[in-house]
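Structural characterization, general
Residue strings, one per chain:
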Amino acid sequence: MPRHELLTGNEAVAHAVAMAKADVIGIYPITPQTTIIEEICNLAANKTFSPKIVHVESEHSAMATIIGAAFTGVRTFTATSSQGLALMHELLHWAAGGRLPIVLANVNRAMAPGWSIWTDQNDSLSQRDTGWMQFYCESAQEVLDTIFLAYRVSEQVLIPSMVVLDAFVLSHTSEPVEIPDNETINKFLPNFTPSFKLDIDNPCSFGALLRPQFYQEVRHKLNDAMSEALIKINESDKLWKQLTGREWGIVTEYRADDADYLFVTSATTASTAKPVIDKLRKEGLKIGLIKIRVFRPFPFEQVKKYLTKCKRAIIFDRNISYGHHGIFAQEIKSALYGVKNSPEILCYTGGLGGKDITPQLIEETIIKGTKTKLNGSLFEWI
Amino acid sequence: MKNLKTPLQQSGINVPISGQSLKTTAENKTGIWRNVEPFYLDRISPCAQVCLSGHDIPVIIELVYENKFEEALKILRLANPLPASTGRVCPAPCESSCLRKSLGGSVSIKQIERFLGDFAIENRIFCLSKGPHRGRIAIIGAGPAGISAAYFLAIKGYFVTVFEEKKKAGGLLRYGIPSFRLPKRILDRELEIVFKQLPVEFIYEKRITKDYEKLLRQFDSVIITCGKSISQIPDIPGAGEKMSGLTFLEQINNGDSQPLSGSVAVIGGGSTAFDCARSALRLGCDSTIYYRRSKKEMPAFEHDITEGLEEGIQIVENVIPIQIDKNGDYKITFAKTTSKDRKSAVKIIPNSEFAVTTDHILFATGEKQEHLFNKVQKETGGIDVSQTYRTSDPKLFAAGDVTVMAPGTVAGAILQGRLTATSVHNYLNKTTEPHPAKIPHLRGAKDDGTTIEKINLNYFQELRRSAQKATDIKSRLKNFDEISSTLNENSVAWEVKRCFSCGTCVYCSNCMNYCPDNAISFDSSKKRFSVNLDYCKGCLICVKECPRHCMGSKYAAA
Ligand SMILES: Cc1cc2nc3c(=O)[nH]c(=O)nc-3n(C[C@H](O)[C@H](O)[C@H](O)COP(=O)(O)OP(=O)(O)OC[C@H]3O[C@@H](n4cnc5c(N)ncnc54)[C@H](O)[C@@H]3O)c2cc1C
Ligand code: SF4
Ligand code: SF4
């Protein structure tokens, strides 16, 4: 029987990691992630699970530690934010190139300088091309469920996963969360049997020199595995629905079917947007919501499917690629290039460094987006 | 869903999903990247380089560290049979050059030696001869040089006869150095464990003079080790033999001293001067030392000066006596001098005379060799010897203070005794046993210098030197009892722990643990590390991380 608890987003991560019985956890504190590893230590101290927790001197070492551990075929975890994730950058490539099913929770925090401890997505999106899967969550329940999904899919396709949650808005806000029982988890997430591992009885080395024909070959395989991941995510989501009644999708829609306008966003901005959609619908505007939950692998098909049905897409990014515009917007536009019935696209960036994204702000953005006369695409700061 | 197949997969070739070797990486000989290569080299430590008797100090310390006292003693005895004595009286240059100095004070090497010497005495660990017995050697004089030569010849299997003019053996250890620095009981017991089981015969109260030539006929070889026995009393009005400081010390050491009262003036600046002044204090006198040069030019050892001053000796520098008058007490007339250094002559300042009255006078203005051995000795000065301690007569050898190479220290005399024994052995066997390597370096260490810059100080923290217990000044002056005590086992353990083992590999395995290419291995039967050059890529992390400079590097051959 599942039980219910009031958990913050960060506590939800910790509980899921404990139930997934991660074996080796490298930890190094950074706000606003720290309460994840604190809670993990509590759970370990209470014997909820018995991981080997390695205290290290930097995020780089935290990742290095679990890469080493993951090569031996055990389940691993670490959590970080912002500069910490940036410091891991080199090793994020190692984890993906080494095809290690590591799971990392990144609590979105704006990059310094100027120092900020508040949320935006530039930290995780800067790691877009490292070969990791990325899941953006909007609630503590989604966070909990996504950690299980991340382990399951990572271990199936041998690609590491980054589960992303917004600083404070999600990481430190308590919500009722349904926690599945262990039997459910065992069904969903069987013990990991690696197809290769570091084994002293059969010595071989990992990460060795690759000549050009082989280098591209393994990169090709990594990219193929990303495509396969989309299928596995979908399958796993179905199984999760069977087991718990919940599904999260790859792209989530809300009142999108008959919409003329679509508000497209990610993470907690999506949940803030729902009542606004309801309000505007009541007022007669045919508006719907699309949330991009899985950012890598990028869900081309799902994006095409929803967006070709509407007249205009209003994309709201909590991130910016300097010299270009919002990153989700870029990706959505590239997915629609040359596609018949592509909608008009408006790109807005706002909420950086924790700037509040309120229902009013979303409403203003939508109104603006529906009224603006369009010449090609448009980018604006909110 | 589209066909997920890479070009190679389509042509039936399946490579792993990430860069993985199919076998071990032994395939990759990373050694070909190397342009420099590391090597192992034990180096003679700074302490051992200056040790007067030539100890392999870090090896001894390592054995003590492992609590193997008897083995440590064995190694000590390879160079010195009298550690309880040298451990008390040696000026210990080893400690002055110890690299630990800057991190809590030098290692108490001398005290470790003393501890091992006392350990041998208390546990009665006798010295044994290897045999086979052959050859008869005569030694003239049972001071440190003679004792050392007798010991090293006897353990090699020679029969040795030592002729000594005094009633007992020890030379200046017995008749010069006072018992508050070296108790006679310690000397007696040390000599007992050294010689009890060795084929050495001591003939006491036998003064050899002209008859040494007879000995040359009776014995296969003769070694002269009779030191410097004559006090040099300056030729000034009123001075005389009965004012000899050396004779004064000998009387006290013989047990026939009288209480003294009033004041004593000791003329001189060496060990003898301080021992005289300090002994006089104990007999009830005030002591003042008058020296012709400045205090920093005194030939006395540092321990003489510091302990002497502690006990209340006065020192008057840059004065020279020119006349002594006796009228009840003594009146000494001094002239003031200027001096530059130990070597150049002092200059008398004209018209600077002043007088001092005193109850007693002792001259400690140096000792010289007696002129006894015409054929090999000039009218004045020591016996002429070669670097191998031979005289012009092939059967006759000489060592210690009696020679022109007079070491002036107990440990130095012991070294010369040892080297002379090897020379005698070589002469008798017509062998060339590597002459007298000064230090019997057990692991073949090279004299390649190790300095504080070469020690990786990151591995060492500051650890304070243990204090040696000494009797308080007031009680010291009541008698001639020894003033300092031997370190206890805990303090010795602390001291050996403080040693860096400069230049001596202690198998800490840092080199092996840090090698990123797994190129270093340890052969436990040979107790050696070695570098597999097939895989060493020349990063030299091992060299850098050796805490104690036992590794080096060189450009690799192309
Ligand atoms: C007062 C004093 C204090 C000293 N303090 C220290 C010190 O603290 N530390 C240190 O390292 N050094 C010290 N020294 C120096 C050290 O004692 C000598 O350098 C050392 O003893 C020399 O050893 P040796 O064997 O050559 O001679 P000696 O020790 O002088 O021994 C010579 C022996 O030969 C015997 N002998 C002499 N002539 C004859 C003969 N014709 N026939 C038979 N036997 C004879 C003598 O009786 C004596 O036993 C001190 C010296 C003096 C005088
Ligand atoms: S003999 Fe003297 S110099 Fe040598 S180790 Fe002993 S105390 Fe040091
Ligand atoms: S630290 Fe040890 S090896 Fe180095 S000089 Fe001092 S006593 Fe000798």
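So, about the overall build of chain A. Helix and strand counts for chain A come out as 13 helices and 15 strands. Relative to its length of 382 residues, chain A is compact, with a C-alpha radius of gyration of 21 Å against a globular reference of 21 Å. Dimensions along the principal axes, computed over C-alpha positions, put chain A at roughly 70 × 50 × 45 Å. Counting only carbon and sulfur atoms, one obtains 53% of the accessible surface of chain A, whose full area is about 15700 Å². Distance between charge centres in chain A, computed from 39 positive and 42 negative side chains, equals 5 Å.

Let us look at unusual backbone geometry. Residue P32 of chain A is reached from T31 of chain A by a cis peptide bond, and omega for that bond is 0 degrees. Among the secondary structure elements, P32 of chain A is positioned in the loop between β2 (24–27) and α2 (34–45). For the bond running from A112 of chain A to P113 of chain A, omega is -10 degrees, close enough to zero to count as cis. Mapped onto the elements, P113 of chain A comes out in the loop between β5 (103–108) and α6 (122–125). Positive phi is not limited to glycine here, since K21 of chain A has a value of about 55 degrees. By secondary structure assignment, the location of K21 of chain A is in the loop between α1 (9–19) and β2. One non-glycine residue with positive phi stands out, namely A92 of chain B, at about 55 degrees. Relative to the helices and strands, A92 of chain B resides in the loop between α5 (83–89) and α6 (93–96). Given the relative accessible area of 6%, A92 of chain B is considered buried.

It is worth spelling out the interface of chain A and chain B at this point. As a measure of interface size, the accessible area lost when the parts come together is often cited. Counting residues at the interface gives 21 residues for chain A, matched by 20 residues for chain B. In total, chain A and chain B occlude about 1700 Å² of area from one another, counting both sides; carbon and sulfur atoms represent 65% of this. Across the chain A-chain B interface, the total number found is zero salt bridges. Run the count over chain A and chain B and you get four residue pairs in polar contact (both at pLDDT 80 or more). The leading source of residues in the side of chain A that touches chain B is helix α9 (residues 212–244) of chain A, at nine residues. Residues belonging to the side of chain A that touches chain B are distributed by class as follows: 10 nonpolar, six polar and five charged.

Below, the discussion takes up the site of ligand 3. All residues in the neighbourhood of ligand 3 are listed as S45, C47, P58, I61, C98, L99, R100, V107, I109, C499, F500 and C502 of chain B. Residue composition of the shell around ligand 3, by class: 10 nonpolar, one polar and one charged.

Right, let's get into the site of ligand 1. Residue and element names in this part refer to chain B. Neighbouring ligand 1 are 36 residues, the closest being V89, E164, R181, D401 and V410. In the environment of ligand 1, a nitrogen atom lies 2.8 Å from a nitrogen or oxygen atom belonging to the backbone of V89. Contact between ligand 1 and T409: an oxygen atom at 3.2 Å from a main-chain N or O atom of the residue. Compared with its free state, where it exposes 990 Å², ligand 1 has 97% of that area covered by protein. The set of elements that each furnish at least two residues to the shell around ligand 1 consists of α8 (144–156), α12 (245–254), α13 (271–283) and α15 (410–429). The greatest single-element share of the shell around ligand 1, amounting to three residues, is contributed by α13.

The next thing to look at is the pattern of salt bridges. Under the definition given, this model contains 50 salt bridges over all chains. A salt bridge links R3 of chain A to E5 of chain A, with the shortest nitrogen-to-oxygen separation between them at 2.3 Å. Taking the relative accessible area as the measure of exposure, E5 of chain A reaches 29% and is therefore partly exposed. Two residues, E37 of chain B and K554 of chain B, come together in a salt bridge whose shortest N-O distance is 3.9 Å. Of this pair, E37 of chain B sits in strand β1 (residues 36–40) while K554 of chain B sits in strand β19 (residues 551–555), placing them 517 residues apart in sequence.

Residue and element names in this part refer to chain B. By the element assignment, D534 lies in the loop between β18 (528–531) and α19 (541–545). For the pair D534 and A335, spaced 199 residues apart in sequence, the C-alpha separation works out to 76 Å. Those residues within four positions of D534 in sequence are excluded, and the remaining contacts are K29, T30 and G31.

With that settled, the discussion passes to the sheet that holds strand β4 (residues 76–80) of chain A. All names here are of chain A. Spatially, seven strands are ordered β3-β2-β4-β5-β7-β6-β12 in an open sheet, and the strand pairing comes out mixed. Each edge of the open sheet carries a strand with a single partner, namely β3 (52–55) and β12 (294–296). Across this sheet, the average inter-strand angle for adjacent strands is 20 degrees, counted without regard to direction. Two elements, β2 and β4, share two bridges in a ladder whose sense is parallel. Along β4, the bridge assignment pairs I25 with F77.

This brings us to the packing of α12 of chain B against α13 of chain B. The axes of two packed helices give the description: the angle between them and the distance between them. Residue and element names in this part refer to chain B. For the pair α12 and α13, the least separation of the axes is 10 Å and the interaxial angle reads 50 degrees. Of the possible angle classes, the one that applies to α12 and α13 is oblique. Judged by the sense of rotation from one axis to the other, the crossing of α12 with α13 is left-handed. Note on element contacts: α13 touches α12 through T272, D275, C276, S279, A280 and L283, opposite G245, L246, F248, L249 and I252. A class-by-class count of the residues in the contact of α12 with α13 yields seven nonpolar, three polar and one charged.

Let us now look at the domain arrangement of chain A. All names here are of chain A. Parsing chain A into structural domains produces domain 1 (3–244) and domain 2 (253–381). Here the C-alpha centre of domain 2 lies 28 Å away from the C-alpha centre of domain 1. At the interface, 27 residues of domain 1 touch 27 residues of domain 2. Where domain 1 meets domain 2, there are six salt bridges. E138 is paired through a salt bridge with K291; the nearest N and O atoms lie 2.8 Å apart. Broken down by secondary-structure element, the contributors of at least two residues to the side of domain 1 that touches domain 2 are α6, β6 (133–136), α7 (140–157) and α9. For the side of domain 1 that touches domain 2, the per-class residue count stands at 15 nonpolar, six polar and six charged.

It is worth spelling out empty space enclosed by the protein at this point. All names here are of chain B. Following the criterion strictly, the structure yields seven cavities of 30 Å³ or more and no others. In this structure, the largest cavity encloses a volume near 170 Å³. Contributing to the lining of the largest cavity are 20 residues, with H55, I57, C94, I109 and E113 lying nearest its centre. Mapped by element, the contributors of at least two residues to the lining of the largest cavity are α3 (57–65), α6 and α7 (109–122).

Strand pairs in the sheet, formed through backbone hydrogen bonds, run parallel or antiparallel to each other. All names here are of chain B. The four strands lie next to each other as β9-β8-β7-β14, forming an open sheet whose pairing is parallel. If you trace the sheet from one side to the other, it starts and ends with β9 (314–316) and β14 (360–363), each paired once. In this sheet, neighbouring strand axes are inclined to one another by 25 degrees on average, regardless of whether the strands run parallel or antiparallel. Of the strand pairs in this sheet, strand β7 (residues 263–267) and strand β8 (residues 286–290) are connected by five bridges, and their pairing is parallel. By the bridge assignment for β8, V264 is matched with S287. Sitting on the sheet, α13 is in contact with β7, β8, β9 and β14, with an inclination near 165 degrees to β8.

Thresholds, definitions, all that
- Residue positions are given per chain, counting from 1 as you read along its sequence in written order.
- As they are written, the chains are lettered A onward and the ligands numbered 1 onward, keeping that order.
- Only residues with pLDDT of at least 70 are given local features in this predicted model, and only at 80 or more are side-chain atom pairs given and counted; all residues enter the totals for whole chains, interfaces and linings.
- Side-chain figures throughout are based on the complete set of non-hydrogen atoms in the structure, without hydrogens or water.
- The way it works is that DSSP assigns letters per residue, a run of H or I at least four long becomes a helix, a run of E at least two long becomes a strand, and they are numbered from the N terminus.
- Radius of gyration here is computed from C-alpha atoms only, and the compact-globule reference equals 2.2 Å multiplied by the residue count raised to the power 0.38.
- Using a 1.4 Å probe, the Shrake-Rupley method yields the accessible areas, and only the shown protein chains count as cover for residues.
- Charged residues are defined here as Lys and Arg on the positive side and Asp and Glu on the negative side; His and the ends of the chain fall outside this count.
- For charged residues, the charge sits on one atom: NZ in Lys, CZ in Arg, CG in Asp, CD in Glu.
- The rule is simple: take the accessible area with a 1.4 Å probe, protein chains only, and divide by the maximum for that residue type; under 20% is buried, over 50% is exposed, in between is partly exposed.
- Residues are treated as being in contact if the distance between any of their heavy atoms lies within 4.5 Å.
- A simple way to read buried area is as the amount of 1.4 Å-probe accessible surface that goes missing from two parts once joined, with both sides added.
- Here a salt bridge means any side-chain nitrogen of Lys or Arg lying within 4 Å of a carboxyl oxygen belonging to Asp or Glu.
- Contacts described as polar in this section are N or O atom pairs within 3.5 Å, which, within protein, must combine one atom able to donate a hydrogen with one able to accept it, while residues neighboring in sequence count only if both atoms come from side chains.
- Three classes are used: nonpolar for Ala, Val, Leu, Ile, Met, Phe, Trp, Tyr, Cys and Pro, charged for Asp, Glu, Lys and Arg, and polar for all others, with Gly counted as polar.
- For this purpose, a residue is taken to be near a molecule or strand whenever a single non-hydrogen atom of the residue falls within 4 Å of it.
- Pairing between strands requires that DSSP locate at least two bridges from one strand to the other.
- Convention adopted: a line fitted to C-alpha atoms gives each axis, helices being fitted over their contacting stretch, and angles between N-to-C directions are expressed from 0 to 180 degrees.
- Any angle from 65 to 115 degrees is called roughly perpendicular, while one under 35 is roughly parallel, one over 145 is roughly antiparallel, and all others are oblique.
- In this scheme, a crossing is called left-handed if the near helix is turned counterclockwise away from the far one by less than a right angle; it is called right-handed if the turn is clockwise.
- Those domain boundaries reflect an automatic or database domain assignment.
- Using only the protein atoms, space was sampled on a 1 Å grid; points where a 1.4 Å probe fits but cannot get out form cavities, open sets with protein on both sides within 12 Å along at least five of seven lines form pockets, and lining residues are those with an atom within 4 Å of a point.
- Grid points are joined across faces, edges and corners, and a volume is the space filled by probe spheres set on the points.

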